[in-house]
Amino acid sequence: MADLNTLTLAEARDKLRAGDVTSVELTEACLKEIEGAGALNAFVHNTPELALEQAKAADARLAARDAPAMCGLPIGIKDLFCTKGVPSQAASRILEGFIPEYESTVSQNLFDAGSVMLGKLNMDEFAMGSSNETSCYGNAVNPWRRGNDDAQLTPGGSSGGSASAVAADLCLAATGTDTGGSIRQPAAFTGITGIKPTYGRCSRWGVVAFASSLDQAGPMTKSVRDAAIMLEAMCGHDPKDSTSADLPVPNFEAMLTGDIKGKKVGIPKEYRMDGMPAEIAKLWEDGTAMLKAAGAEIVDISLPHTKYALPAYYVIAPAEASSNLARYDGVRYGHRATLAQGDGITEMYEKTRAEGFGHEVQRRVMVGTYVLSAGFYDAYYNRARRVRALIKKDFDDVFAAGVDAILTPATPSAAFGLGEMNDADPVKMYLNDVFTVTVNLAGLPGIAVPTGTDAQGLPLGLQLIGRPWEEGDLLNTAYALESAAGFVAKPGKWW
Amino acid sequence: MSIDKDTAARVAKLARIKVEEDALPALAEEFNTILGFIEQLNEVDVEGVEPMTSVTPQKLKRRVDQVTDGDQQDKVLSNAPDAREGFFAVPKVVE
């Protein structure tokens, strides 16, 4: 059977259960694709032996009719997840050689559901970046190109390797994480689906921490149905993460009816930014029309503090990062700098962290240190947390008024060229997250759905934002949008 | 608020990241760009608003106060850059 790697999770699952294909065949097809896709630099640690071992076990369970939800489905895992016995270094030099003795809860949940791990995926260092250009492994590359132009484009970030691998059919799906847009922006840049669930849905245990009050894991998939299947397998209460929600996990896939009649979809006026490219504005209008045609009631809404989300994020996220990343001290794991004669422990810390952290990570740790330092804590950190409360209240008010979902663009542009932003100041890069970051600050579920292409043939996505804990309803609205948009384009294979 | 070279050096020290003297002016400039962006927050009226501590109003769960883990010295030390005789080893801390 040809092209098994191009199947969706749902298609592969059904074929496995019908006995049309084995997990070993699926896994081998993906491993072969990965081998030929070095140019994308998506997979950075390959685990073919583990994959085949897991595939054989999955085939045995399938034969015994004891197959859990993801049984035998080959996926990739973002390098941010600690995977037992497999290098996990958050794309940072400072975790070079780190081999966890434990498994993250999310990857364990996926394995318990029968998933097969093909390897670890490229990302921005410590998930800090929007273009996968801060990785110690080098850039991940977008399989999409602008027409016949062979310039390399970013797959977005921070889950750039995950996005690239799923879009290029190197795996059936992948895990991502999202602190300010790191699942949704790369999904939009590569024409795939990515959902960040409500804060607390997925356990953060064993996921290398960036900003703990914002970080959430989620699936990156080829369809909304796949997102529903994989999200259900990933999430659930975990006593090891005190912020993990002790709530039942619904059967998300069963909620995909496509019926959104009478649902209220809000269009926030503050997201109509100055200088929004005409193509993005058009995409947004088209998506609105599609949801309306599907029976949704479209309402204009206001989220007045939207403008302050990015500046609040760039206080809160670096502050939490400076605290979380204090653990990289060259003592317990990872890299330690070579010391000079007479160097003491302070020199060891300072040299180790200067060598181990890349430029963007150093910058954010230091900004975080500054905003938390004596004399500035109130002016910066506490003020940002107050603004965050107002941003959340904006959403609370809209939902209280009966809005079920909010439709926005996912990104301010299509994928840009690798290196194009090198000379821009850091704030310019941060603007990539302008539509997604509000969702993290408010702890809400958000999903990016591919809905069109730009004039150069690059994919564009829209974002739907849902009520807390109502991922099932959100996925159903996304399913209706996906069905109406009928996005089927795939990148031409050049790698 | 403008950050000068000395403040940049102080922040680097607090963050325990070695920054060479000649890299400090550029670093200070980057801080100023980012902090300039953050200054927008001063436009917001936050009077009477409590700083957010948790996006979901929830009580942290309590667990039974008992030992659930331990006796894993080898695993704990397995990733250490320098482990000796069952301990993490570091340069001399006290003269």
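Residues numbered from 1 in each chain as written. Chains lettered and ligands numbered in written order. Predicted model: local features only at pLDDT ≥ 70, side-chain atom pairs only at ≥ 80, totals over all residues. Heavy atoms only, no water.

S.K.: Summarise the UniProt feature "domain: Amidase" (unreviewed entry) in chain A; cite the residues concerned and give the values.
M.R.: Following the UniProt record, the feature "domain: Amidase" (unreviewed entry) maps to residues 25-475 of chain A here. From the first C-alpha to the last, residues 25-475 of chain A spans 30 Å; its make-up is 35% helix and 14% strand. (UniProt positions renumbered as here; feature names shortened; annotations may be inferred. Helix = DSSP H or I, 4+ residues; strand = E, 2+ residues; numbered from the N terminus.)

S.K.: Can you lay out empty space enclosed by the protein for me, pointing to particular residues and giving the numbers?
M.R.: Summary: where empty space remains is shown by rolling a probe the size of a single water molecule over the atoms. Residue and element names in this part refer to chain A. Summed over all chains, the structure comprises one cavity of 30 Å³ or more. Taken together, 13 residues form the lining of the largest cavity, with Ala127, Gly129, Ser182, Tyr313 and Asp433 sitting closest to its centre. In terms of residue class, the lining of the largest cavity is built from five nonpolar, six polar and two charged. (1 Å grid on protein atoms, 1.4 Å probe; cavity = no way out; pocket = protein on both sides within 12 Å on 5 of 7 lines; lining within 4 Å. Points joined across faces, edges and corners; volume = space filled by probe spheres on them. Nonpolar A, V, L, I, M, F, W, Y, C, P; charged D, E, K, R; others polar.)

S.K.: Give me the lowdown on the state of the cysteines, citing residues and values where you can.
M.R.: Residue and element names in this part refer to chain A. On inspection of all chains with the given rule, the structure shows zero disulfides over all chains. Its sulfur unpaired, Cys71 is 15 Å from the next cysteine sulfur, which belongs to Cys30. Here Cys171 is not cross-linked by a disulfide; its sulfur's nearest cysteine counterpart is in Cys30, at 6.7 Å. (Disulfide = S-S within 2.5 Å.)

S.K.: Provide a residue-level description of the interface of chain B and chain A, including the pertinent values.
M.R.: Taken together, the contact between chain B and chain A spans 51 residues of the former and 66 residues of the latter. Viewed at the interface, chain A and chain B are joined by five salt bridges. Glu350(A) is the salt-bridge partner of Lys13(B), the closest N and O atoms lying 2.9 Å from each other. Across the chain B-chain A interface, the total number found is 19 residue pairs in polar contact (both at pLDDT 80 or more). Mapped by element, the contributors of at least two residues to the side of chain B that touches chain A are helix H1 (5-14) and helix H2 (24-38) of chain B. Ranked by residue count, the leading element in the side of chain B that touches chain A is H2(B), at eight residues. (Contact = heavy atoms within 4.5 Å. Salt bridge = Lys/Arg side-chain N within 4 Å of Asp/Glu carboxyl O. Polar contact = N/O pair within 3.5 Å; in protein donor to acceptor, adjacent residues only side chain to side chain.)

S.K.: Before we move on, could you go through the packing of aromatic side chains and cite the residues and values that matter?
M.R.: Residue and element names in this part refer to chain A. Within the structure shown, the criterion is met by 17 aromatic pairs over all chains. With a centroid separation of 6.4 Å and an interplanar angle of 45°, the aromatic rings of Trp144 and Phe487 are classed as tilted. Of the two residues, Trp144 sits in the loop between strand S3 (116-121) and helix H5 (160-167) while Phe487 sits in the segment after helix H15 (471-485), which places them 343 residues apart along the sequence. Measuring from ring centre to ring centre gives 6.2 Å for Phe376 and Tyr380, while their planes differ by 40°; the resulting arrangement is tilted. Of the two residues, Phe376 and Tyr380, both sit in the buried class. Taken together, the ring pairs connect Phe98, Phe126, Tyr328, Tyr333 and Phe357 into an aromatic cluster. (Phe/Tyr/Trp six-rings, centres within 6.5 Å; stacked < 30°, edge-to-face > 60°. Buried < 20%, exposed > 50% of the residue type's maximum accessible area, 1.4 Å probe, protein only.)

S.K.: A description of the sheet that holds strand S9 (residues 405-409) of chain A should follow, citing residues and the corresponding values.
M.R.: Residues and elements named next belong to chain A. Taken together, the 11 strands give an open sheet; going across it, the order is S1-S3-S2-S4-S6-S5-S10-S11-S9-S7-S8, and neighbouring strands pair in mixed fashion. The open sheet terminates on both sides in strands that have one partner only, identified here as strand S1 (43-46) and strand S8 (297-301). Each neighbouring strand pair of the sheet contributes to a mean axis angle of 30°, computed without reference to strand direction. As paired elements, S9 and strand S11 (residues 459-466) share five bridges and run antiparallel to each other. Each bridged residue has a counterpart across the sheet, and for Ile406 the counterpart in S11 is Ile465. Sitting on the sheet, helix H4 (residues 105-112) is in contact with strand S2 (74-78), S3, strand S4 (173-178) and strand S6 (216-221), with an inclination near 175° to S2. Along the sheet, helix H7 (residues 224-234) contacts S2, S4, strand S5 (193-196), S6 and strand S10 (446-453); its crossing angle with S6, the most-contacted strand, is approximately 145°. (Pairing = 2+ DSSP bridges. Axes fitted to C-alpha atoms, helices over the stretch in contact; angles between N-to-C directions.)

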